[in-house]
Amino acid sequence: MPELPEVETVRRGLQPVLEGATIDRVEARRPDLRFPFPEKFAQRLTGKTITALGRRAKYLTMDLEGGPMLICHLGMSGSFRIETADGSDMPGIFRHDRSKSSNHDHVVFHVVSPAGARSRVIFNDPRRFGFMLFAEGLPDVHPMLAGLGVEPTGNTLDGALLASLMKGRRSPLKAALLDQRLIAGLGNIYVSEALWRAGLSPLREAGTIARPGKKAQAQSEHLAQAIRSVISDAIAAGGSSLRDYMQTDGSLGYFQHAFAVYDREGEACSKPGCGGHIERVVQSGRSTFYCRTCQR
Ligand SMILES: [Zn+2]
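Residues numbered from 1 in each chain as written. Predicted model: local features only at pLDDT ≥ 70, side-chain atom pairs only at ≥ 80, totals over all residues. Heavy atoms only, no water.

K.L.:
Please explain the coordination of the zinc ion as it appears in this structure.
P.N.:
Ideal geometry at a metal centre gives angles of 109.5 degrees when four donors are arranged tetrahedrally and 90 or 180 degrees when six donors are arranged octahedrally. Surrounding the zinc ion are the protein donor atoms Cys269 (SG), Cys274 (SG), Cys291 (SG) and Cys294 (SG), which sit 2.2 to 2.4 Å from the metal. Here the zinc ion is ringed by four donor atoms whose angles at the metal span 100 to 116°, and the overall shape comes out tetrahedral. According to the relative accessible area criterion, cysteine 291 is buried, its value standing at 0%. (Donors = N, O, S within 2.8 Å, 3.2 Å for Na, K, Ca; no water. Tetrahedral: all angles 85-135°; square planar, octahedral: opposite > 155°, others 65-115°. Buried < 20%, exposed > 50% of the residue type's maximum accessible area, 1.4 Å probe, protein only.)

So this is what it looks like as structure tokens:
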């Protein structure tokens, strides 16, 4: 499943081609992906101008002049490819390689820019866990988007807001951070990284960073900042910073220098002066990586 930074880099890659463009034609080459396409899917998109390409959590949102809004999810293996007169491009860098086989090109948007340039934006998805749905009226009441928590990007999530979200929670801190109703779009990799940066144990009770007093206040400030920075660093690196790639000797390796703890079980903690080692524990069926020496 792509993480938020991957989705955001896809959005940024598609934005120059899609925003302001008019949809000339849409091909849906099968009746469904994870869900059936909405009724009159292609027909309702044809002729519409795309006024904005946004993102909410891991959903891409396409605002269309006169409505509706199109909600897209990449699922496990979805990707977009842009084909212009100048060539082709796949925006976003993913942890796992994306398919380039045209057998899995399921949706093709033929768009025309305000200057008259024609492009094709193709959605490819071998496993078909992705989807495209319409949101009518207010997008936040759509079942996919309703109830999502705050975005971990931008400046909304500060120490005070994070403390208010964690207040009184008895669940482990990591589980609370993964709760999409509290913070939207934060995934397993980035929660582990943010907790390491903030020096907080994933196992501690979530509510402990919201107790009265300066210590908890500093912890919630530090963690909010760590969450925002880990996400923005990953976006700046072009999506996932853990990506299959060919090493110079030809073997498949991982480009993981940007990760401090994720998938680093047994390695020395890289925090200066710590001396601890990265451990892996399983919480709610998912791996958590942390250093018990500097994360308390
Ligand atoms: Zn450490």
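K.L.:
Before we go on, may I ask you to explain the sheet that holds strand S2 (residues 50–56) in this structure?
P.N.:
The strands that make up a sheet are held in pairs by hydrogen bonds between backbone atoms, and each pair lies either parallel or antiparallel. In space, the four strands of this open sheet follow the order S2-S3-S4-S9, with antiparallel pairing throughout. Edge positions in the open sheet fall to S2 and strand S9 (131–135), since each of these has one partner strand only. Across this sheet, the average inter-strand angle for adjacent strands is 20°, counted without regard to direction. Relative to strand S4 (residues 69–73), strand S3 (residues 59–64) is paired through five bridges, and the arrangement is antiparallel. The residue of S4 that forms the bridge with methionine 62 is leucine 70. (Pairing = 2+ DSSP bridges. Helix = DSSP H or I, 4+ residues; strand = E, 2+ residues; numbered from the N terminus. Axes fitted to C-alpha atoms, helices over the stretch in contact; angles between N-to-C directions.)

K.L.:
Hey, could you run me through the nonpolar core in this one?
P.N.:
What tends to happen in soluble globular proteins is that the nonpolar side chains get buried as a cluster. Residues Leu162, Met166, Leu173, Leu177, Ile183, Leu223 and Ile227 are the most contacted members of the largest nonpolar core, which totals 40 residues. Mapped by element, the contributors of at least two residues to this core are helix H3 (159–166), helix H4 (173–178), helix H5 (188–198), helix H6 (214–236) and strand S13 (286–291). Beyond its immediate stretch of four places on either side in the chain, methionine 166 contacts Leu173, Ala176, Leu177, Leu182, Ala206, Gly207, Ile209 and Ala210. Val7, Val17, Val26 and Met62 belong to the second largest nonpolar core, which has 29 residues in total. (Core = buried A, V, L, I, M, F, W, Y, C linked by side-chain atoms within 4.5 Å. Contact = heavy atoms within 4.5 Å.)

K.L.:
How should I be thinking about the pattern of salt bridges in this particular structure?
P.N.:
Side chains that differ in sign of charge can pair as their charged atoms come close. In total, this model carries 19 salt bridges according to the counting rule given. Between arginine 56 and glutamate 151 there is a salt bridge whose closest N-O contact spans 3.0 Å. Of this pair, arginine 56 sits in strand S2 while glutamate 151 sits in the loop between S9 and H3; the two residues are 95 residues apart in sequence, bridging distant segments of the chain. Glutamate 151 sits in the buried class, given a relative accessible area of 15%. (Salt bridge = Lys/Arg side-chain N within 4 Å of Asp/Glu carboxyl O.)

K.L.:
What is the right way to look at helix H1 (residues 4–18) in this model?
P.N.:
Note on helix geometry: an α-helix contains 3.6 residues per turn, so any two residues three or four positions apart are oriented the same way. When the terminal C-alpha atoms of H1 are compared, their 20 Å separation across 15 residues agrees well with the 21 Å that a helix rising 1.5 Å per residue should span. Most of H1 is tucked away, with eleven of its 15 residues classed as buried. Considered for burial, the residues of H1 that qualify are Leu4, Pro5, Glu6, Val7, Glu8, Thr9, Val10, Arg11, Leu14, Val17 and Leu18. Residue glycine 20 follows H1 closely and has a positive phi angle near 85°. (Expected span 1.5 Å × (residues − 1).)

K.L.:
Before we go on, may I ask you to explain the packing of H3 against H6 in this structure?
P.N.:
A packed helix pair is summarised by two numbers, namely the angle formed by the two axes and the spacing between the axes. Viewed as axis vectors pointing N to C, H3 and H6 meet at an angle of 105°, and their least axial separation amounts to 8 Å. One element, H3, and the other, H6, form an angle in the roughly perpendicular class. For the pair H3 and H6, contact is made by Gly159, Ala160, Leu162 and Ala163 and by Ser220, Glu221, Leu223, Ala224 and Ile227, respectively. Its residues placed into classes, the contact of H3 with H6 shows six nonpolar, two polar and one charged. (Parallel < 35°, antiparallel > 145°, perpendicular 65-115°, else oblique. Nonpolar A, V, L, I, M, F, W, Y, C, P; charged D, E, K, R; others polar.)

K.L.:
What is the right way to read the environment of phenylalanine 37 from this model?
P.N.:
Tracing the backbone shows phenylalanine 37 in the loop between strand S1 (22–28) and helix H2 (41–45). Its relative accessible area of 11% is what places phenylalanine 37 among the buried residues. A sequence separation of 131 residues divides phenylalanine 37 from glycine 168, and the C-alpha atoms of the two residues are 42 Å apart. Beyond its immediate chain neighbours, meaning those up to four positions away, phenylalanine 37 contacts Ala28, Arg30, Pro31, Asp32, Val107 and Met132.

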